[in-house]
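Below, each chain spelled out in residue letters.
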Amino acid sequence: MVALVAAGSPVFAAEKSATHSFSGVAAYYDTNYHGRTAAGETYDPRKFTAAHRTLPFGTRLKVTDRRTGRSVEVTVNDRGPFTRGRRVLDLSLAAAKQLRMLGRGLVRVTADVEPTSSSR
């Protein structure tokens, strides 16, 4: 969004891009987990979802495995991880399968916050 101004005046963007990235370690939900998420949904291992400590529920992320370059898009619907260390995300089983991380357990990832339709 750009403000209209008189000719010769500087033009300033009315809003900054809402996108940003973060990196760290991701894990995935245990295959035996069958609980509820912090958003109140029943956890569905077939959906592409994730837990993050502070991002708003509904935030879309593109999560990329830094070693393989594989990526997956997920929606934040839970809180966590709450372990010590550099863990930044817990991924659903479907997301972990797409990243092919089931045999490795923990992977180093970069997560890009996808802009919402109102900030595009």
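Quantities reported herein were computed from a predicted structural model and do not represent experimental measurements.

How each quantity is defined
- Starting from 1, residues in each chain are numbered consecutively following that chain's sequence as written.
- Reporting of local features is limited, given that this is a predicted model, to residues whose pLDDT is at least 70; pairs of side-chain atoms are given and counted only at 80 or more, and all residues count toward the totals for whole chains, interfaces and linings.
- As a rule here, side-chain values come from all non-hydrogen atoms in the structure, and water together with hydrogens is ignored.
- Note on conventions: DSSP H or I runs of at least 4 residues are helices, E runs of at least 2 residues are strands, and numbering of each starts at the N terminus.
- Every residue pair with non-hydrogen atoms within 4.5 Å of one another is taken to be in contact.
- Throughout this description, the term nonpolar core refers to a set of buried Ala, Val, Leu, Ile, Met, Phe, Trp, Tyr and Cys residues connected via side-chain atoms within 4.5 Å.
- Buried, partly exposed and exposed residues are distinguished by accessible area as a fraction of the type maximum, computed with a 1.4 Å probe on protein chains only: under 20%, between the cut-offs, and over 50%, respectively.
- Salt bridges are defined by distance alone: a side-chain nitrogen of Lys or Arg within 4 Å of a carboxyl oxygen of Asp or Glu.
- Two strands qualify as a pair provided that DSSP identifies no fewer than 2 bridges between them.
- Angles here are taken between N-to-C directions and fall from 0 to 180 degrees, while the axes themselves are lines fitted to C-alpha atoms, restricted in helices to the stretch in contact.

Asker: Explain the environment of T75 residue by residue, including any values.
Answerer: Mapping T75 onto the fold places it in strand β4 (residues 71-78). Sequence spacing of T75 and T59 is 16 residues, and the spatial spacing of their C-alpha atoms is 5.6 Å. Setting aside chain neighbours within four positions, we find T75 in contact with F48, T49, A50, G58, T59 and R60.

Asker: Go over the nonpolar core, please, and point to the residues and values.
Answerer: By size, the foremost hydrophobic cluster in this structure holds 20 residues, and its most contacted members are F22, L61, V63, V74, L89 and L91. Those elements that provide at least two residues to this core are β1 (21-28), β3 (60-65), β4, β5 (87-91), α1 (93-98) and β6 (107-113). Of the residues forming this core, the biggest block, four residues, is contributed by β6. In this structure, L91 is in contact with A26, A27, Y28, Y29, T49, A50, V63, V74, L99 and M101, ignoring residues within four places of it in sequence.

Asker: Please give an account of the pattern of salt bridges that cites residues and values.
Answerer: Under the criterion given, the structure shown has four salt bridges. Taking the shortest distance from any N to any O, the salt bridge between D44 and R46 comes out at 3.0 Å. A salt bridge links R60 to E73; the nearest nitrogen and oxygen atoms lie 3.1 Å apart. With R60 in strand β3 and E73 in strand β4, this pair connects stretches of sequence that are 13 residues apart.

Asker: Describe unusual backbone geometry, and please don't skip the residues or the numbers.
Answerer: Backbone phi values are negative for most residues with the exception of glycine, while trans is the configuration of most peptide bonds. Following G80, the chain continues into P81 via a peptide bond in cis, with omega recorded as -5 degrees. Relative to the helices and strands, P81 is located in the loop between β4 and β5. A positive phi angle, near 55 degrees, is found at R100, a position not held by glycine. Here R100 is to be found in the loop between α1 and β6. Judged by its relative accessible area of 56%, R100 is exposed.

Asker: Go over the sheet that holds β6 with me, naming the residues and quoting the values.
Answerer: Spatial ordering of the closed barrel is given by β1-β5-β2-β4-β3-β6, a layout of six strands whose pairing is mixed. When the angles between neighbouring strand axes are averaged without regard to direction, this sheet yields 45 degrees. Examined bridge by bridge, β3 and β4 share five bridges and lie antiparallel to one another. Along β4, the bridge assignment pairs T64 with S71.

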